[in-house]
Amino acid sequence: MLFILLLVEIVSIGVAYPRICNTMNQPDSAYIFSYATSKNNNRNGLHFAWSLDRKNWHPIGPEYSYLRCDYGRWGAEKRMISPFLILAPDGLWHCVWSVNERDGVLAHATSSDLVHWRRQSYPIVIKDKNCLEPEISYDDQAKLFKINWLSVSADKDTLIYSSATKDFKSFAPTTPSLLTRNFNKRVCAIVSGMPEEGTIHKTSWETIDCLIKKSKLAAYENILKGENTKEDPERFAALKGVNASITIDATKSKPISDMLIGAFFEDINYAADGGLYAELIQNRDFEYALSDKEGQDPRWNSYYAWSLIGNGASFVVDTINPIHPNNPHYAILDIQKVGAGLVNTGFDGIAIKSGEGYNFSIFARMLSGKKGSLRVRLIGKKGEHYGEALIKSVSSTWKKYKATIIAKEDISDARLEIIPLSVGRIALDMISLFPKKTFHNRQNGLRADLAQAIADIHPRFVRFPGGCVAHGDGIGNIYRWKNTVGALESRKPQRNLWGYHQTVGLGYFEYFQFCEDIGATALPVIAAGVPCQNSATGGAGQQGGIPMCDMDSYVQDILDLIEYANGDKSTKWGKLRAQSGHPKPFNLKYIGIGNEDLITDIFEERFTLIFNTIKEKHPEITVIGTVGPTYEGTDYDEGWAIATKLKVPMVDEHYYQSPGWFIHNQDYYDKYDRSKSKVYLGEYAAHLPGRPNNLETALAEALYLTAVERNGDVVSMASYAPLLAKEKHTQWNPDLIYFNNTEVKPTVGYYVQQMYGCNAGNEYLSNQVVLSNNDESVRLRVGVSVVRDEKSSDIIIKLVNMLPVKVSTQLNLEGSASLMQSMAKRTVLTAESPSDKLVTPVSDSCDINNKIQLSPYSFTIIRLNTKKQ
Ligand code: AHR
């Protein structure tokens, strides 16, 4: 009850907003104090307090940050230290701050109203020193900003430095300042009993009032976001059931995207190596490196997953004469006594199935001793044998050898043993074992059950190879497609920014082929010439960006990708594709440029170059831009501004939000300007505390998707994220499909995607929903979407009930009633409790002339065939 009263109170604040604005007894102006606290290692951003007398300070939404620093690594950085604010004659508030105690970086952003902040920049103003307590002032005569800051050296000597700038893009040479230590214009104010350092300005009451309103609105939105089903017994205590009347007018419709539901594959949570990529040998190329895991696991090196078996052998990793420079490490096995050899433990063991064939391959070279043979065996933990093969006559130059092993039993954790049958030294590399039965029986293929689970969603497109993996951790880690095609031994493995290793055995060719195999459109994402804004590597200067002098060659790589996908055999890159076994083009239509990047000048310059070049050279390709990591804020605004300016055909939006957010933002796209870029909702998921994937999160997604379908004229595509997660190797929850070596475990959220994927349409039909209870809390928890699929002539009605009570539904069909059978196929996803995780859809048939009961917490799809019988 208290909660409801609070809500009513806050809502009425919102409603009363214009009246408050017009109150006559408020001051024209007041003082504003801007500051950042040191709490949470200075990660709380910019706060404000106001005062009428410069003595008594009133914090504004004390927990609310108006501007947060986006410099550096997640967790460790993103700090705003000693912000300094001025109002310049250009009418803009300029804020500068220091980002850490290490880098000579001056962070800068502007705002016209203190509420909305433009893009941040982090110019380096001093090399090899830090930039602390920066201050700026405007010199009206010189028409430039003067900057001062402290640099504290390792021996604690403090010096003041100065520079000047007109635009915070180029700077006058940095010089030691003549100012004394008391240059500091910061003041101390007591806010909520705590002394804080900051700057004071006199400003209009209107400005302060807007800040107050913004913090109150944010607090109110947080209450809505926090709504979850645990409160439902109280929230809906009086609700006994709801009647719904849904009138569908099939004569009124609008075209919607026929590509709405897709999949987003990223190599996160061991989704590729050890996951979808069917290779069973871990560290097959001996390329694991300590740096893959940022030094957190001393065992993570070239020897990982490998060990010696038997007595009388030693094993080292060498780099002197590799098969290919991109793959420099290989093993040298020195056999003193026959019977000893090498063992690989696979990814948590090797799962094999009785009677099935496994393709073994190896690069080998005798370094001493006579031409030898290798015995290759699948063994159990106690040395039991489950199948073997023989490789004969290994020569003294690198050569690839192949054999097939037939498994004798079903074992979930076998190992692979390689035993040379003569004494001597032998070099080994690219030691590989694949099930013969891969998805669509492809060589170097995909794990059949996992690939099938993705195919079963019936995705119209697949976005790959990431997410953060696509733009990488620092410039050197950007995912480069050319490193991932061609012979496996020539591909360039690299660190995965999620803290493991990418063999890139699952590379661009395999991604394209997978898309083709499942009838999905390929949607590769290429970095916009900048790495992930949360990068750890790359030094000072957020998102340094590929130097402009190297950008032409970077852009050429993207043009080459288009040629690789679509060029004929006579072209350089088309020929490579043909040689890999795909003479026909892959028919690439879309390319994503950028992944939820921080929108900076560095980003804009590079994105613009890439976008304009693709547009000019390949107008047939739809480029998808990027608008930041969430549904609002600076990157969203700035990203949209760039997209609008350049007329980018589509932008990629991302938001991971609570079920409450999804419930309360179903009108998000209803408000979108249809004349601007289309939307690809590339990453979304409902997140609850503890990050489960349960009926509640799944229904929040299903509910929101009814609104996405309704807006299918502006939202062209959508994909849940992330897709795959290997048990015990998960960096991110929730995911859509969990798996281990033998099982695939689709989640409730998976079934929502599948139900949408298998029940898509290309026309949205007008519908009116009338509920017996019209409270907003009730209305927002009943979602309806009606589409028609012209291929099957089916009308598909999606009904989401996120209430704890039944919704008794009467369907009234107008316009197409005469064509219609009354019997329809019904599929329902529901369970006892919203916290249930093991839920699968159940199908039956129903007569739509009768009332349809939507169970509490359920998602129902009714599919009606409208063909004349
Ligand atoms: O989906 C997981 C990650 O979320 C993606 O890599 C990134 O784009 C987003 O931050």
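Residues numbered from 1 in each chain as written. Predicted model: local features only at pLDDT ≥ 70, side-chain atom pairs only at ≥ 80, totals over all residues. Heavy atoms only, no water.

A.B. asks: Help me understand the overall build of the protein in this model?
C.D. replies: For the protein, the helix and strand inventory stands at 16 helices and 45 strands. What you see for the protein is a C-alpha radius of gyration of 31 Å, in line with the 29 Å of a compact globule of 869 residues. Dimensions along the principal axes, computed over C-alpha positions, put the protein at roughly 100 × 85 × 55 Å. A burial count over the protein gives 59% of its 869 residues as buried. (Helix = DSSP H or I, 4+ residues; strand = E, 2+ residues; numbered from the N terminus. Rg over C-alpha atoms; globule rule 2.2 N^0.38 Å. Buried < 20%, exposed > 50% of the residue type's maximum accessible area, 1.4 Å probe, protein only.)

A.B. asks: What is the right way to look at empty space enclosed by the protein in this model?
C.D. replies: To find leftover empty space, one rolls a probe the size of a water molecule over the atoms. Under the criterion given, the structure shown has nine cavities of 30 Å³ or more. If you add up the space inside the largest cavity, you get close to 70 Å³. If you go around the largest cavity, the residues you meet are Tyr479, Arg480, Trp481, Tyr508, Val525, Ile526, Tyr554, Asp557 and Ile558. Only strand E29 (521–526) and helix H9 (548–566) provide two or more residues apiece to the lining of the largest cavity. With three residues, H9 is the single largest residue contributor to the lining of the largest cavity. Empty space within the second largest cavity amounts to approximately 50 Å³. Taken together, Asp267, Ala272, Asp273, Pro465, Val469, Tyr479, Gln502, Thr503, Val504, Leu506 and Tyr511 form the lining of the second largest cavity. When the residues that make up the lining of the second largest cavity are grouped by side-chain class, the tally is seven nonpolar, two polar and two charged. (1 Å grid on protein atoms, 1.4 Å probe; cavity = no way out; pocket = protein on both sides within 12 Å on 5 of 7 lines; lining within 4 Å. Points joined across faces, edges and corners; volume = space filled by probe spheres on them. Nonpolar A, V, L, I, M, F, W, Y, C, P; charged D, E, K, R; others polar.)

A.B. asks: I'm lost on the site of the ligand in this one. Help?
C.D. replies: In the region of the ligand, the neighbouring residues are Phe264, Glu266, Gly467, Cys468, Trp498, Asn595, Glu596, Tyr656, Glu683, Ala721, Pro722 and Trp732. In this structure, an oxygen atom belonging to the ligand sits 2.8 Å away from a main-chain N or O atom of Cys468. Between Tyr656 and the ligand, the recorded distance is 2.7 Å, taken from a side-chain N or O atom to an oxygen atom. The protein chains hide 97% of the 280 Å² of surface that the ligand would expose on its own. (Near = heavy atom within 4 Å. Polar contact = N/O pair within 3.5 Å; in protein donor to acceptor, adjacent residues only side chain to side chain. Areas by Shrake-Rupley, 256 points an atom, 1.4 Å probe, with all protein chains shown as cover.)

A.B. asks: So what exactly am I meant to see when it comes to the pattern of salt bridges here?
C.D. replies: Two side chains carrying opposite charge are able to pair once their charged atoms lie near each other. In the structure shown here, the tally under the stated rule is 46 salt bridges. In this structure, the salt-bridge partner of Asp103 is Arg102, at a minimum N-O distance of 2.9 Å. Residue Asp103 is classed as buried on the basis of its relative accessible area of 8%. Residue Glu388 is joined to Arg377 by a salt bridge in which the shortest nitrogen-to-oxygen separation is 3.6 Å. Here Arg377 lies in strand E21 (residues 372–379) and Glu388 lies in strand E22 (residues 385–394), a separation of 11 residues in the sequence. (Salt bridge = Lys/Arg side-chain N within 4 Å of Asp/Glu carboxyl O.)

A.B. asks: Help me out: how do you make sense of the sheet that holds strand E5 (residues 93–98) in this one?
C.D. replies: Within a sheet, adjacent strands bond to each other through the backbone by hydrogen bonds, running parallel or antiparallel. Within the open sheet, the three strands sit side by side as E4-E5-E6. Their pairing is antiparallel. The sheet is open, and its two edges are formed by strand E4 (81–87) and strand E6 (106–111), each paired on a single side. In this sheet, adjacent strand axes meet at a mean angle of 20° when their direction is disregarded. (Pairing = 2+ DSSP bridges. Axes fitted to C-alpha atoms, helices over the stretch in contact; angles between N-to-C directions.)

A.B. asks: Whenever I open this one, the sheet that holds strand E37 (residues 744–746) confuses me. Can you help?
C.D. replies: If you walk across this open sheet you meet the three strands as E35-E36-E37, and the pairing is mixed. Each of the sheet's edge strands pairs with one partner strand only, and the pair in question is strand E35 (724–726) and E37. The average undirected angle you get between the axes of adjacent strands in this sheet is 25°. Together, E35, strand E36 (737–739) and E37 form the strand contacts of helix H6 (residues 448–455), whose direction differs from that of E36 by roughly 170°. (Contact = heavy atoms within 4.5 Å.)

A.B. asks: Help me understand the packing of aromatic side chains, please; the structure alone is not making it clear to me.
C.D. replies: Each aromatic ring pair is characterised by the separation of its centres together with the angle its planes make. What the rule picks out here adds up to 56 aromatic pairs. Ring plane angle 90° and centroid distance 5.3 Å describe the contact between Phe461 and Tyr680, whose orientation is recorded as edge-to-face. Taken as a pair, Phe461 in strand E26 (residues 461–464) and Tyr680 in strand E33 (residues 678–686) lie far apart in primary sequence, 219 residues in all. As far as burial versus exposure is concerned, Phe461 and Tyr680 are alike and both buried. Aromatic pair Tyr655 and Tyr704: ring centres 6.0 Å apart, planes at 90°, arrangement edge-to-face. On the criterion of sequence distance, the pair formed by Tyr655 in strand E32 (residues 650–657) and Tyr704 in helix H14 (residues 695–710) is long-range, its members being 49 residues apart. Judged by its relative accessible area of 2%, Tyr704 is buried. Grouping aromatic residues by their ring pairs yields a cluster made of Phe265, Phe464, Tyr479, Trp481, Tyr508, Phe509, Tyr511, Phe512, Tyr564, Trp573 and Phe586. The ring of Trp732 has Arg691 sitting right over it, with the charged end atom 5.6 Å from the ring centre. (Phe/Tyr/Trp six-rings, centres within 6.5 Å; stacked < 30°, edge-to-face > 60°. Lys NZ or Arg CZ within 6 Å of the ring centre and 35° of its normal.)

A.B. asks: What is the right way to read helix H15 (residues 748–757) from this model?
C.D. replies: Because each turn of an α-helix spans 3.6 residues, side chains separated by three or four positions end up pointing in the same direction. Burial runs high along H15: 10 of the 10 residues are buried. Restricting attention to buried positions, one finds in H15 the residues Val748, Gly749, Tyr750, Tyr751, Val752, Gln753, Gln754, Met755, Tyr756 and Gly757.

A.B. asks: Can you help me understand H14 in this one?
C.D. replies: Helix length check: H14 (16 residues) gives 23 Å between terminal C-alpha atoms against 22 Å at 1.5 Å per residue, within 8%. In terms of burial, H14 is largely enclosed, as 15 of its 16 residues are buried. The N-cap of H14, judged by a side-chain oxygen 3.0 Å from the amide nitrogen of Glu696 a few residues on, is Asn694. (Expected span 1.5 Å × (residues − 1).)

A.B. asks: Is there a simple way to explain unusual backbone geometry in this structure?
C.D. replies: Peptide bonds are trans in most cases, and residues, glycine excluded, mostly fall at negative phi. Going from Phe464 to Pro465, the amide bond is cis rather than trans, its omega being -5°. For Pro465, the position within the fold is in the loop between E26 and helix H7 (468–471). Going from Asn733 to Pro734, the amide bond is cis rather than trans, its omega being -10°. With respect to the element layout, Pro734 can be found in the loop between E35 and E36.

A.B. asks: What is the right way to look at the packing of H14 against H15 in this model?
C.D. replies: Two packed helices can be described by the angle between their axes and the distance between those axes. Running from amino to carboxyl end, H14 crosses H15 at an angle of 25°, the nearest separation of the two axes being 8 Å. As summarised for this structure, H14 and H15 are arranged roughly parallel, according to the angle between their axes. The two elements H14 and H15 cross, and the hand of that crossing is right-handed. Across the interface between the two elements, Leu695, Ala698, Glu701, Ala702, Leu705, Thr706 and Glu709 of H14 pack against Val748, Gly749, Val752, Gln753 and Tyr756 of H15. Tallied by class, the residues present in the contact of H14 with H15 amount to seven nonpolar, three polar and two charged. (Parallel < 35°, antiparallel > 145°, perpendicular 65-115°, else oblique. Left-handed = near helix turned anticlockwise from the far one by under 90°.)

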